[in-house]
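# Observations on the model geometry
Listed below are the residues making up each chain.
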Amino acid sequence: MLLRKAVTDDHEALWRDEESISAIQAFTRAMLTRNQICSQTKALELSTPIWTSLQAVARGMAVRLDIQSTRQELVTHRDQISALQALIRAGAVRQEVSTTLDGLQREEDSIQEVQNSIRGMVLRKKIAADYDALKSQTTQITHLQALARGCLHRQKVGVLLDDLESHSAAIVKTQALSRGMLLRNDVGGVLAKLDGEEESTIAIQAAAKASLVRAKFAEKQRYFKENMEKVVKLQSFVRGRLQGEAYKSLTTGKNPPVNTVKNFVHLLNDSDFDFNEEIEFERMRKTVVQQVRQNEMAEQYIDQLDIKIALLVKNKITLDEVVKHQRNFGGHSGNLLVNTSMISGNQFDLKALNKNSRKKLESYQQLFFTLQTQPQYLARYFKRIREQGTAEKDCKQIETLMMRLFGYAQKRREEYYLLKLIARAVKEEVDGVPSLQEYLRGNFFWCKLLSNYTRSPRDRKYLRELLGPLIQTNIIEDPALDLESDPMQIYRSAINNEELRTGRPSPRPLDIPREVAIKDPETRDMFIDHLRDLREISDQFLGAMETLLHKMPYGIRFICQQTFEALFQHFPREPQHRLLQLVGNWLWKYYLQPALTSPESMGVVEKQLTPLQKRNLGEVAKVLGQIASGRLFGGENIYLQPLNAYVGDAIERIRLIFGNIISVPDAESTFDIDEFNDLYAKIKPTLYIKMADIFSIHNLVAADLAHICPNRDDMLREMIQDLGSAKHNETEMLGVASGEIQMTLNPKLHDIEDPEAEVKALFMETKRCILYIIRVQAGPNLMDILVRPVSREDDQKWHALLREEFSVDSRTRGAYSDVNTLVDIKSMSYKELKRTALENIMRLEQLGRISRHNFYQDILNAIALDIRTKSRRRVQRQRELDGVKMTLGNLAEKADWLESQRKSYDNYIEQAMMTLQKKGKKRFLMPFSKQYNHERELERSGRKPKFGSFKYSARTLSDKGVLVSWQGYHDREWEKINLTISCDEVGIFFIEGSKGSIQIPGASAQVPMDSLLAAQFANHQYMDLFEGGMRLNVNLFLHLLYKKFYRTE
């Protein structure tokens, strides 16, 4: 143990001094080795050749032995040697590393300097090589750098622009402030410099301006002399422009000056041309009324002929009766439309009446004036019509009477009052309903009256422009178009077309649910195409409404506006967009939809539409109606629900259209009229009306007087009491004139003194005096002219004016010449005229009508208003005259159209007579066949039908697909059962069932062709006969009838 401890201590001591011991050992071994090597080297040098060979052999042997022994020993001590070698190597390495580190640390600065030099050299060589390589690629590198810089710059600019865009408002404001500050600084500097040289600057400017002015003036003089004709034209243009500005100030300014009123006072004069235009307008308006009535008679004739043709089969009316009705008409509609009372030279002469009749007529004139101008009476009556549930026929008669009462709204005044009546009727109905739902359910009479009003040429023209291109392009020019949206109908239509085309039953089942029908490939493809076409056509309609909105007639837009305002006042809590949608839906239902679904009757298209085209228009109307109602398609139209996305967008679009429709000015400004115009008009309103219509209106008002006039002291009650019984008046007056008369309408209270009549007459007289005064003297204002002394020149001008104004050859009437005053202008001097005018002005000023604070400008304003009204009346009269001419042209076109309709009905009758004939060539029949025996039996009995008779067995008809089933008879019995189909009347077929020679009880039926065609159009596959016992296939039965009874070649 002690020894091991001593050895351990020695090892630890040695390990502690390992480095020193290793160094001493190394030095010692080195010295010994060097000495030994040195001596051996010297000895060996003497025997170098021998020893070299010997050494080589010995060394070789020794080395081999040594190597062999070493190998063996090493093999035995491999582990220890490896451990020792590892320790030695580790120590050597540690020593070497430590020494190296110490040496490097001592020479750190030098080493770093050398390293830097080396790195520098290496880097410079590398950079030089890179530089040479880059220099050889200069062009490509430059291009790449440009692309890179461009990309980076664009990214940077993009970020900058985005940043600037987000702060554009602040940047603009900052820039404005900066520019303002810089500009103010620059201006301040310039002004500061100019202030110091103000006198010199003024002198230079004055000299420069003077030189420029002199040069320009000299140039202008030279130029004017060279272009004197152009100068004259320019002066004329300037004077015209000044005249136009003066007229503009007269028509639009609030206080036109004296000279302006003086320059245009001649516009108040009435010329012969004005009177001739009035006479021509009245004549043409009367012609319009006559033409309207003639067209009404033609329409009534065509309606009767249409009804007789439609009822030809159902009511068993023979074609001969229709032809008889046709011949009674005389072959031309014009022959029955001539009304001799209309073309009479003296339609109604008041002198032919006795005193009592004349008084009655005047009372009727007052009554009709009151009914026209006081809409509350007829509005209450319209409401009473709805409450009583008046029959449709009576409503139609009342509607016609109302339109005649307002002269069919052909004149501006009558149209204004008719629209006012309809608007008041709307308000009466709205105020009487408790909820919107109740209003929506109402069937109002004013709607029918408005429909009659909107049948005017103006509305027809608008509807033709709106709907004509749409229907012509999409419906008429595409005869194969089918917009059916019911998958079941599409499916059945496909089967019907297949059976009619082939003459055989379709293999596809007929009675299947819609869910199965829509899965049929042909049906599904057609269904998708139909929806797409519906959406496109509906979108075209909305686009046309937006484009032509400004052309929509004012009347219908005004009623829409009044309806919206009445609903909003009565239901203030309802959202405005809902009320607007309700008004728009009414516009669609009563104005646009009838024109779309029946375009030929509204003059939108000229030709008759086929049933398929009408059905297509019905499908389009269904989609547009849903849009107008503001609701999406629901369960009642489940197969149109794929259009709901489009319908939702279209609802917002049409809501904007409805909002623009009701944005119209009031009726007073549009028609330039109000309810007081008739009281002061020089020409009283007239009305062309038949005596029978007068008494019919009297009866209507008298029958419901309690509801029309709730107050017992109402003026209308007094009128009806004065008139007495309508029947008695008719007996008294109808004998004098039973035709049409012209009534001059007067207000009931026109003979009662107006409390302001004296003031109005005084004001009118004053205006007349002032007009003559300002034509003689001039001044800055009216007061200055009135107080100015009268000179000799003024008297001379006055006498010249009198000679010009009141000469015998004058073709004009002076302004206010029809005023009934005590002042005789012709006998007064100019001084007396001014004195009279001043006296009147003083009285008017005391009454508060005018004031001297504005130099009596109120008188000039009143004269300017009269001038403006006179000018607008001439323009309005010309517009009305053009409208009446257009109306007459349209009425003539309609008369031609009615004549063509009549001819088409005549051609239809003739074609029907020619078509329903037996075939020309007698068919060959197999002897002793069933048909051969049948015809021989009919000939022997004398019961052969006019158009033929055919006998089939039930089995044969079943094989043809005509007979589907027969209750009570098994199909095994069909071979013994016969069916006879005969025709002895046009379009009437008789079917009988028999077994052998015995007729089966109850097995007979009469089948009109009209019923078969109606069933086919309604897509009915089967028809039941014999009280529901036998079922036939409609299409195949028609195929058989066409083949046997009609001409097919």
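Scroll up a little and you will see the structure.
The sections below set out a description of the structure shown in this document. (Residues numbered from 1 in each chain as written. Predicted model: local features only at pLDDT ≥ 70, side-chain atom pairs only at ≥ 80, totals over all residues. Heavy atoms only, no water.)

### A word on the overall build of the chain
In terms of regular secondary structure, the chain is built from 42 helices and 11 strands. Each of the 1049 residues in the chain was classed as buried or not, and the buried ones make up 38%. Looking at the chain as shown, the accessible area adds up to about 62,500 Å², and 55% of this sits on carbon and sulfur atoms. (Helix = DSSP H or I, 4+ residues; strand = E, 2+ residues; numbered from the N terminus. Buried < 20%, exposed > 50% of the residue type's maximum accessible area, 1.4 Å probe, protein only. Areas by Shrake-Rupley, 256 points an atom, 1.4 Å probe, with all protein chains shown as cover.)

### Looking at the packing of aromatic side chains
The way to describe two aromatic rings as a pair is by their centre distance and the angle between their planes. All told, the structure shown has 16 aromatic pairs when counted by the stated rule. Summarising the aromatic geometry, the rings of Y364 and F368 are spaced 6.3 Å apart at their centres and angled 35 degrees between planes, so their arrangement reads as tilted. Taken together, the positions of Y364 and F368, both in helix 14 (residues 355–373) and 4 residues apart, correspond to about one turn of that helix. Given a relative accessible area of 1%, Y364 falls into the buried group. Consider the rings of Y416 and Y417, whose centres lie 5.1 Å apart with planes at 65 degrees: the pair is edge-to-face. (Phe/Tyr/Trp six-rings, centres within 6.5 Å; stacked < 30°, edge-to-face > 60°.)

### What to know about the sheet that holds strand 10 (residues 1022–1025)
With antiparallel pairing, 3 strands are arranged side by side in an open sheet as 6-11-10. Looking at strand neighbours, the two that pair on one side only are strand 6 (963–966) and strand 10, the edges of this open sheet. Strand-to-strand twist in this sheet, taken as the mean axis angle between neighbours without regard to direction, amounts to 20 degrees. Looking at chain direction, strand 6 and strand 11 (residues 1030–1033) are connected through 3 bridges and run antiparallel. The partner of W966 across the bridge, within strand 11, is M1030. Most of the contacts of helix 42 (residues 1034–1045) go to strand 11, to which it runs at about 70 degrees, and overall it touches strand 10 and strand 11. (Pairing = 2+ DSSP bridges. Axes fitted to C-alpha atoms, helices over the stretch in contact; angles between N-to-C directions. Contact = heavy atoms within 4.5 Å.)

### Quick word on the pairing of strand 7 (residues 977–985)
The side chains of a regular strand alternate between both faces of the sheet. Burial within strand 7 is extensive, with 7 of its 9 residues counted as buried. Pairing geometry for strand 5 (residues 949–953) and strand 7, over 5 bridges, is antiparallel. Considered in strand 7, the bridge of S949 is made with S982. Direction of pairing for strand 7 relative to strand 8 (residues 988–995): antiparallel, over a ladder of 7 bridges.

### Comments concerning helix 37 (residues 830–846)
Under the 1.5 Å per step criterion, the end-to-end length of helix 37 is 25 Å for 17 residues, consistent within 8% with the ideal 24 Å. Those residues of helix 37 lying buried are Y830, L833, K834, T836, A837, N840, I841 and L844. End-on, the buried residues of helix 37 take up no more than an arc of 160 degrees, which puts them together on one face. Seen from the open side of helix 37, the exposed residues pointing more than 90 degrees away from its buried face are K831 and Q846. Positive backbone phi, at 85 degrees, marks G848, one or two positions downstream of helix 37. (Expected span 1.5 Å × (residues − 1). Arc of directions from axis to C-beta.)

### Quick look at the environment of L592
In this structure, L592 sits in helix 25 (residues 576–597). Taking relative accessible area as the criterion, L592 reaches 3% and is therefore assigned buried. Put simply, L592 and L466 are 126 residues apart on the chain and 9.6 Å apart in space, counted from C-alpha to C-alpha. Setting aside its immediate chain neighbours within four residues, L592 contacts L463, L466, L467, F541, M545 and L587.

### Quick word on the pattern of salt bridges
The full count for this structure, using the stated rule, is 28 salt bridges. We note a salt bridge from R532 to D529, for which the minimum N-O separation is 2.9 Å. Remark: D529 and R532 occur in helix 23 (residues 521–547); sequence separation between them is 3 residues, near one turn of the helix. R532 gets classed as partly exposed once you look at its relative accessible area, which sits at 35%. Assessed through its relative accessible area of 36%, D529 is described here as partly exposed. (Salt bridge = Lys/Arg side-chain N within 4 Å of Asp/Glu carboxyl O.)

### Quick notes on a negative patch on the surface
Together, E107, E108, D109 and E113 give the surface a local cluster of negative charge. Secondary-structure assignment places D109 in helix 5 (residues 108–136). Here D109 falls in the exposed class, since its relative accessible area comes to 61%. (Patch = residues over 30% accessible without salt bridge, like charges linked within 9 Å, V, L, I, M, F, W, Y side chains within 5 Å. Lys, Arg positive; Asp, Glu negative; His and termini not counted. Charge placed at Lys NZ, Arg CZ, Asp CG, Glu CD.)

### Overview of the side chain of Q857
Counting through the fold element by element, Q857 comes out in helix 38 (residues 857–915). Setting aside residues no more than four positions away along its own chain, Q857 makes contact with N255 and P256.

### Considering the nonpolar core
Counting residues in each nonpolar core, the largest one holds 129 residues, and the members touching the most others are F368, L371, F382, W446 and F541. The element contributing the most residues to this core is helix 25, with 11 residues. Ignoring any residue separated from it by four or fewer positions in sequence, one finds F382 in contact with M402, L421, A425, E429, F445 and L449. Membership of the second largest hydrophobic core comes to 34 residues, among which are F947, V962, M1023 and L1038. (Core = buried A, V, L, I, M, F, W, Y, C linked by side-chain atoms within 4.5 Å.)

### Points about unusual backbone geometry
Even without glycine at this site, Y408 takes up a positive phi of about 55 degrees. Note that Y408 resides in the loop between helix 16 (392–405) and helix 17 (412–431). Although it is not a glycine, F855 sits at a positive phi angle of roughly 60 degrees. Relative to the helices and strands, F855 is located in the loop between helix 37 and helix 38.

### Let's talk about a nonpolar patch on the surface
Together, L183, V187, V190, L191 and L194 line one region of the surface with nonpolar side chains, adding up to about 420 Å² of accessible area. Counting through the fold element by element, V187 comes out in helix 7 (residues 168–196). A relative accessible area of 38% places V187 in the partly exposed class.

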